There are 2 protein chains.
Amino acid sequence: MSTRAKIVSRTRPRRGTASAAETGAAAVQSGGNLFDPVEREPAYMRVSAAIEGKILSRVLKDGDLLPAELDLAQQFRVHRSTVREALRQLENSGLVMRPPGAKRMVVSRPHANKIASGMRQALVLHEVSFVDVWEAMMVIEPEVAALAATRRTQADIEALLRVHQAFVAESQSAAAVTLVVEFFELLGACARNKVLVLAKHSLAQVLAPSLGLMIDRVAQARSRIMVAQQKIITALQGKDAEDARKWMAKHVRDFKRGYEVAGIPPDAVVSV
Amino acid sequence: MSTRAKIVSRTRPRRGTASAAETGAAAVQSGGNLFDPVEREPAYMRVSAAIEGKILSRVLKDGDLLPAELDLAQQFRVHRSTVREALRQLENSGLVMRPPGAKRMVVSRPHANKIASGMRQALVLHEVSFVDVWEAMMVIEPEVAALAATRRTQADIEALLRVHQAFVAESQSAAAVTLVVEFFELLGACARNKVLVLAKHSLAQVLAPSLGLMIDRVAQARSRIMVAQQKIITALQGKDAEDARKWMAKHVRDFKRGYEVAGIPPDAVVSV
DNA sequence: AGATGTCCCATTGTCGGACAATCCGGCACC
DNA sequence: GGTGCCGGATTGTCCGACAATGGGACATCT
């Protein structure tokens, strides 16, 4: 035994590291390796996985509030610090959150924003270029517009009109970009498809900063955006999917032209 | 002062709670509220934000290894537990990871898998239905196929052929689903667009489980998949974007038919 | 009654310190 | 060259402590 074992030699059970070799069957199949790598998973992982499991299987529902840290620590037979590390993971992935100015944490469904910011991080770090994002928009947005045309309600139209008019009014201010993005978001909502909304949302997030730059530099950008929005709304109003698709495609294509005119190289990577 | 202040009244600076009221300007604009909510952000948040910043701004590059926990603790003037909580956040978001069997953590770009699993969680918790996912595939996959047709290399074709043949050979086994998914992934790679690959990847992940179910239940599913893959490969080989798009659309449409035949209700929500 | 102050407790955020397990590099030994 | 042992570095986990805050319950003031 090491000489470093000072005074006390507390035989602590080392809870996190023992139980290996669980998948006894099918050992001699994976590429000739007789043994699988022994699995050593830290306790904080297991704790967070356990809680995550309860959430995903809806034993813990949206809005429920989690037991206190000490409570959890006792249930898992683990120290509070360990529980806290697990909680930080869950908090980060958006599965639990703390309403501002509250102590206990509550279970929550990750909001689109959470996913989008993760996506943005990934894209930034993978040095994705502007054309990549644009291409994705070119694929998704027109189809979303077409879907929106068939599913929009009257309330949708009115909301879109409000945002459009706000853009017309404030097209010179710095809020213009926000309004353009909001128009896209709203249009996504009309399509009534959560998956596409999520994807769109991320794209918009990533694009927004450079979009602002472009709008500032290109004189006719604002008027072209106005026209496109107008045409799209009209198409939605007439439930004309084909027109909606067409105008949205034109709208998105304009972005690229705008970037060219603004002198932003198309392979510029998106950044924070 | 509370009677609970035992013996020692360590005047600890309470690092996390002080510096409020930083945005002095523009106080009287947000809906008539004179004051912004005072910002109390826990120290572990600040630490993780600080490290995240260094990563996103590439001061810490992919592959660099992070300073030791104690080191960080000293730099941030904070306890090691606090640093560890911050690290758990970064680890969870995929910005740092630990190569199996190493001590120090290394900076890493979040892999597509990481994002996809976050996306999957979100979709599950938002009770997204199968049609939603399918609709998204209907939008994305054909366009990706078209892009792939114009950009594929000879190596791509060969890789696709290998997977296709593996599917033909093993189409009866349980590995069949994996191979179908892999075909999609590979096709995405041909399109040379990271954004679309990311989106596709998530969709495939979400769809895979129920897809397995469907293939097992529907007799002619396998042969239809074979034909579609064959046609798609041929289209890619001839760089025929239009054909690629058309066959992929057919391929994806088949999935829905398969679900109908298999008796899986189209509005069944995806699950873990 | 309603507003306000007081006291206590539960819970979180943070800290200091401790130890075992493990990885890694070096060094003697065969 | 391979092998085994040693010590430093670092992580995983624990223990225990305390301040700050939120939330009640309750008394008090008007």
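Whatever comes next refers back to the structure up there.
Asks: Any chance you could break down the interface of chain A and chain B for me, citing the residues and the numbers?
Replies: Taken together, the contact between chain A and chain B spans 46 residues of the former and 46 residues of the latter. When chain A packs against chain B, the two sides together hide about 4,600 Å² of surface, and 61% of this comes from carbon and sulfur. Of the charged contacts in the structure, one is a salt bridge between B:Glu85 and A:Arg84, with a shortest N-O distance of 2.8 Å. The tally of links between chain A and chain B comes to 18 residue pairs in polar contact (both at pLDDT 80 or more). Sorting the residues of the side of chain A that touches chain B by element identifies helix H1 (43–56), helix H3 (80–92), helix H4 (112–125), helix H5 (130–151) and helix H8 (194–217) of chain A as the ones contributing at least two each. Sorting elements by how many residues they give to the side of chain A that touches chain B places H5(A) first, with nine residues. In terms of residue class, the side of chain A that touches chain B is built from 23 nonpolar, seven polar and 16 charged.

Asks: Tell me about the relation of the copies chain A and chain B, residues and numbers included.
Replies: Two chain copies, one operation linking them: a rotation about an axis together with a shift along it. Superposing chain A onto chain B takes a rotation of 180 degrees combined with a translation of 0.1 Å along the rotation axis, leaving an RMSD of 0.1 Å. The symmetry that links the two subunits is that of a two-fold axis. When the interface residues of chain A are mapped onto chain B, 98% of them again fall at the interface, so both copies present the same face.

Asks: Summarise helix H10 (residues 241–261) of chain B; cite the residues concerned and give the values.
Replies: Residues and elements named next belong to chain B. In this model, H10 (21 residues) spans 30 Å end to end at C-alpha, consistent with the 30 Å of a helix rising 1.5 Å per residue. Looking at H10, one finds that the buried residues are Ala241, Ala244, Trp247, Met248, Ala249, His251, Val252, Asp254, Phe255, Gly258 and Tyr259. Structurally, H10 contributes buried residues whose contacts are with helix H5 (130–151), helix H7 (176–191), helix H8 (194–217) and helix H9 (221–237). The N-cap of H10, judged by a side-chain oxygen 3.2 Å from the amide nitrogen of Glu242 a few residues on, is Asp240. Remark: Gly263 follows H10 within two positions and exhibits a positive phi of approximately 75 degrees.

Asks: Give a description of H7(B) that names residues and reports values.
Replies: All names here are of chain B. The end-to-end C-alpha distance of H7, which contains 16 residues, comes to 23 Å, matching closely the 22 Å that a straight helix rising 1.5 Å per residue would cover. Considered for burial, the residues of H7 that qualify are Ala176, Val177, Leu179, Val180, Val181, Phe183, Phe184, Leu187, Gly188, Cys190 and Ala191. In this structure, the buried side of H7 is in contact with H5, helix H6 (154–170), H8, H9 and H10.

Asks: Account for the packing of H9(B) against H10(B), naming residues and giving values.
Replies: All names here are of chain B. As a packed pair, H9 and H10 sit with axes 8 Å apart at the nearest point and diverge in direction by 165 degrees. In terms of their interaxial angle, H9 and H10 are classed as roughly antiparallel. Crossing of H9 against H10: the hand is left-handed. On H10, the residues that touch Arg224, Ile225, Ala228, Lys231, Ile232, Ala235 and Leu236 of H9 are Asp243, Ala244, Trp247, Met248, His251, Asp254, Phe255 and Arg257. For the contact of H9 with H10, the residue count by class is nine nonpolar, one polar and five charged.

Criteria and thresholds
Note that residues are indexed from 1 along each chain, following the sequence as it is written. All chains are assigned letters beginning with A, and all ligands numbers beginning with 1, in the order in which they are written. This being a predicted model, a pLDDT of at least 70 is required before a residue's local features are given, and a value of 80 or more before pairs of side-chain atoms are given or counted; all residues contribute to the totals for chains, interfaces and linings. Computation of side-chain values: all heavy atoms of the structure, hydrogens and water removed. Residue contacts are defined here by distance: any two heavy atoms, one from each residue, within 4.5 Å place the two residues in contact. Summed over both partners, the accessible area lost on bringing two parts together, with a 1.4 Å probe, is the buried area. We define a salt bridge as a side-chain nitrogen of Lys or Arg found within 4 Å of a carboxyl oxygen belonging to Asp or Glu. We define a polar contact as two N or O atoms separated by no more than 3.5 Å, with the added condition that, inside protein, one atom must be a possible hydrogen donor and the other a possible acceptor, whereas residues neighbouring each other in sequence contribute only through side-chain atom pairs. Helix and strand labels come from DSSP, where a helix needs a run of H or I of at least four residues and a strand needs a run of E of at least two; each type is numbered from the N terminus. Think of it as three bins: nonpolar holds Ala, Val, Leu, Ile, Met, Phe, Trp, Tyr, Cys and Pro, charged holds Asp, Glu, Lys and Arg, and polar takes everything else, Gly as well. The copies were overlaid by least squares, fitting only the C-alpha atoms of residues that reach a pLDDT of 70 or more in each copy. In a helix, the anticipated span is given by 1.5 Å times the number of residues less one. Exposure classes here rest on a 1.4 Å probe applied to the protein chains alone. A residue is buried below 20% of its type maximum, exposed above 50%, and partly exposed in between. Angles run from 0 to 180 degrees between N-to-C directions of axes, and those axes are lines fitted to C-alpha atoms, restricted for helices to the stretch in contact. To sort the angles, those under 35 degrees are grouped as roughly parallel, those over 145 as roughly antiparallel, those from 65 to 115 as roughly perpendicular, and the leftovers as oblique. The sense of a crossing depends on the near helix, which, turned anticlockwise from the far helix by less than a right angle, makes the crossing left-handed and, turned clockwise, makes it right-handed.

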